[in-house]
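The chain contents come next:
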Amino acid sequence: MEKYLLEMQNVGLIYQTKTGETEALKDLNLKIKQGEFVAIVGPSGCGKTTILSIVSGILPATSGKVFIGGEDIAQNKKYVGYMFQKDQLFEWRSIWNNVMLGLEINKQKTEENMQYANGLIERYGLSDFANKKPRELSGGMRQRVALIRTLVLSPEILLLDEPFSALDFQTRLNVCDDVATIIKREKKTAILVTHDISEAISMADKVVVLTKRPATIKKVFQINLKGDTPLKRRENPSFSKLFNEIWKELQYE
Ligand code: ADP
Ligand code: MG
């Protein structure tokens, strides 16, 4: 039997509010292999962020089961990294000290982890900026720092919630390329939530289309655009065909 890093089985989530209940997820089944990059697209408000909250362990599912590495998520002690739309860098801390932040909070500022951080900073072109403040960096570089800060904690799964939507179009294409390359090279398993179909196709191994709320999986597209970078993938002749297919699925939602 094939092993999965993440398994969600018939997951349901109902938010209880003062004014009533909101059913956000219904019978959601999702399996992700080690090293796989999965993009989730769906109409706004359908439950995408809710899925990430459940995988991160912040929010317990109302029904169904979630396993990470074969273990029930409630027992999971592995770290799940989260990257948001805003890079959430602290302006008064240098780039190096921002990267150290997660290690400090988690009491993992070991020699080994510091070396790993330093390696990432060098590998991804930030050495000259280690002592600079975030405001001295471009939006794209800031996102790279935010990613590195998450990576130094060696997350088992990396969750990305519309991480590029605050960037302008050109920057966005480059940062998307950057981030996808880093995640692949560091062999991370990632879930990207986005409402941008092109972004999903250009980055992911698999694109999951959700229905409108309560979200359940409508269709899964396997993307076989040969291991290129996102920018190269966008030039692939099959790209627009895939785009149209996914767009059609979303349109009927
Ligand atoms: P998406 O990320 O796809 O835009 P969300 O997962 O954030 O959607 O939200 C799904 C639905 O659940 C929305 O209708 C939203 O209003 C509702 N919702 C999200 N978070 C909460 C919460 N903490 N309490 C009540 N309702 C919520
Ligand atoms: Mg959201």
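Residues numbered from 1 in each chain as written. Chains lettered and ligands numbered in written order. Predicted model: local features only at pLDDT ≥ 70, side-chain atom pairs only at ≥ 80, totals over all residues. Heavy atoms only, no water.

How should I be thinking about the pattern of salt bridges in this particular structure?
Across all of its chains, the model carries 13 salt bridges by this definition. One salt bridge in this structure joins Arg172 and Asp196, with 3.3 Å as the shortest N-O distance. In this pair, Arg172 is assigned in helix H5 (residues 169–185) and Asp196 in the loop between strand E8 (189–193) and helix H6 (197–203), connecting sequence segments 24 residues apart. Each of Asp87, Glu91 and Arg142 takes part in one network of salt bridges that share partners. (Salt bridge = Lys/Arg side-chain N within 4 Å of Asp/Glu carboxyl O. Helix = DSSP H or I, 4+ residues; strand = E, 2+ residues; numbered from the N terminus.)

For this particular structure, what's the right way to read the environment of Asn76?
Here Asn76 shows up in the loop between strand E5 (71–72) and strand E6 (80–83). The exposure class assigned to Asn76 is buried, which follows from its relative accessible area of 16%. (Buried < 20%, exposed > 50% of the residue type's maximum accessible area, 1.4 Å probe, protein only.)

Would you mind showing me how to read the sheet that holds strand E2 (residues 20–32) here?
To summarise the sheet geometry, strands pair through backbone hydrogen bonds and adopt either a parallel or an antiparallel arrangement. Taken together, four strands build an open sheet; the order of strands is E2-E1-E4-E5 and the sheet is antiparallel. A strand with exactly one partner marks an edge of an open sheet, and here the two such strands are E2 and E5. Across two bridges, the pairing between strand E4 (residues 63–68) and E5 is antiparallel. The partner of Ile68 across the bridge, within E5, is Glu71. Taken strand by strand, helix H1 (residues 48–56) contacts strand E1 (6–17), E2 and E4, and its axis lies near 115° from that of E1. (Pairing = 2+ DSSP bridges. Contact = heavy atoms within 4.5 Å. Axes fitted to C-alpha atoms, helices over the stretch in contact; angles between N-to-C directions.)

For this particular structure, what's the right way to read the sheet that holds strand E3 (residues 37–41)?
The strand order across the open sheet built from six strands is E6-E7-E8-E3-E9-E10, with neighbouring strands paired in mixed fashion. The open sheet is flanked by E6 and strand E10 (217–222), the only strands paired with a single partner. In this sheet, neighbouring strand axes are inclined to one another by 20° on average, regardless of whether the strands run parallel or antiparallel. Relative to E8, E3 runs parallel, the two being bridged by four bridges. Each bridged residue has a counterpart across the sheet, and for Val38 the counterpart in E8 is Ile191. Its contacts with the sheet put H5 on E3, strand E7 (157–161) and E8, and the angle it makes with E7 is roughly 170°. Contacting E3, strand E9 (206–210) and E10, helix H8 (residues 238–251) runs over the sheet at an angle of about 175° to E10.

Whenever I open this one, the site of ligand 1 confuses me. Can you help?
Contacts to ligand 1 come from Tyr15, Thr17, Ser44, Gly45, Cys46, Gly47, Lys48, Thr49, Thr50 and Arg213. One nitrogen or oxygen atom from the main chain of Lys48 is found 2.8 Å from an oxygen atom belonging to ligand 1. The side chain of Arg213 places a nitrogen or oxygen atom 3.4 Å from an oxygen atom of ligand 1. In the complex, the protein chains occlude 61% of the 560 Å² of accessible area that ligand 1 would expose alone. Element by element, the count of residues in the shell around ligand 1 is highest for H1, at three residues. In terms of residue class, the shell around ligand 1 is made up of two nonpolar, six polar and two charged. (Near = heavy atom within 4 Å. Polar contact = N/O pair within 3.5 Å; in protein donor to acceptor, adjacent residues only side chain to side chain. Areas by Shrake-Rupley, 256 points an atom, 1.4 Å probe, with all protein chains shown as cover. Nonpolar A, V, L, I, M, F, W, Y, C, P; charged D, E, K, R; others polar.)

So what exactly am I meant to see when it comes to the packing of helix H2 (residues 95–105) against helix H4 (residues 139–151) here?
Helix-helix packing is characterised by the crossing angle of the two axes and by the distance between the axes. Packing of H2 against H4 leaves a shortest axis separation of 7 Å and a crossing angle of 35°. As for the relative orientation of H2 and H4, their crossing is right-handed in sense. On H4, the residues that touch Ile95, Asn98, Val99 and Leu101 of H2 are Val145, Ile148 and Arg149. Partitioning the contact of H2 with H4 into residue classes produces five nonpolar, one polar and one charged. (Left-handed = near helix turned anticlockwise from the far one by under 90°.)

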